[in-house]
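Chain and residue survey
Residue strings, one per chain:
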Amino acid sequence: MMLPIFCGNNYGYLYEAETSHILLHDNEFKSHAYLQGDDAKIFQSEIERIDRLPDPENKTGLLIENLISFYL
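Here's what I pulled together on the structure shown here. (Residues numbered from 1 in each chain as written. Predicted model: local features only at pLDDT ≥ 70, side-chain atom pairs only at ≥ 80, totals over all residues. Heavy atoms only, no water.)

1. Here we look at the overall build of the protein
Along the protein, the regular secondary structure elements total two helices and four strands. Going from the N terminus to the C terminus, the protein shows its helices and strands as β-β-β-β-α-α. Here the contacts in the protein between residues at least 6 apart in sequence split such that 32% fall between residues at least 24 apart. Here the protein has roughly 4,900 Å² of accessible surface; of this, 53% comes from carbon and sulfur atoms. Taken as two groups, the 5 positive and 12 negative side-chain charges of the protein have centres that lie 4 Å from each other. (Helix = DSSP H or I, 4+ residues; strand = E, 2+ residues; numbered from the N terminus. Contact = heavy atoms within 4.5 Å. Areas by Shrake-Rupley, 256 points an atom, 1.4 Å probe, with all protein chains shown as cover. Lys, Arg positive; Asp, Glu negative; His and termini not counted. Charge placed at Lys NZ, Arg CZ, Asp CG, Glu CD.)

2. Some thoughts on the pairing of strand S2 (residues 11–16)
Bridge analysis of strand S1 (residues 2–7) against S2 gives five bridges, and the strand direction is antiparallel. Residue pairing for S2: Leu 3 is matched across the bridge by Tyr 15. Taking the residues that link successive antiparallel strands as the turn, the S1-S2 hairpin has three residues. In this structure, S2 lies alongside strand S3 (residues 21–26), joined through six bridges in antiparallel fashion. The residue of S3 that forms the bridge with Gly 12 is His 25. Where S2 folds back onto S3 in an antiparallel hairpin, the turn is made up of four residues, including Ser 20, whose phi is positive at roughly 65 degrees. (Pairing = 2+ DSSP bridges.)

3. Looking at the sheet that holds S1
Adjacent strands of a sheet pair through backbone hydrogen bonds, lying either parallel or antiparallel. One open sheet accounts for four strands, arranged S1-S2-S3-S4; its pairing is antiparallel. Where the open sheet ends on each side, the last strands, each with one partner, are S1 and strand S4 (32–35). Between one strand axis and the next, the sheet turns through 20 degrees on average, direction left out of account. The pairing of S3 with S4 spans four bridges and is antiparallel. Its bridge partner lying in S4, His 25 is registered against His 32. Sheet strands touched by helix H1 (residues 38–51): S2, S3 and S4. Its angle to S3, the strand with the most contacts, is close to 70 degrees. Against the sheet, helix H2 (residues 61–71) engages S1, S2, S3 and S4, with an angle of about 75 degrees to S2. (Axes fitted to C-alpha atoms, helices over the stretch in contact; angles between N-to-C directions.)

Note that all results are geometric; they support no functional claim without further evidence.
This is the structure we're talking about:
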């Protein structure tokens, strides 16, 4: 079952807990990318890096949306 993790203004992603796969999508679901294996691990590590940035201005959803847009 895919769990919604992030939904920004333009992009979002879902996470499959059993397989650690990630589904990236735009909010209109016109484009999407399914990440698994090393790609999913790299994406997760980038999300964790963003989460470790200092508060408050650097922790906006814009950084996550930019990351998702690179994959789409």
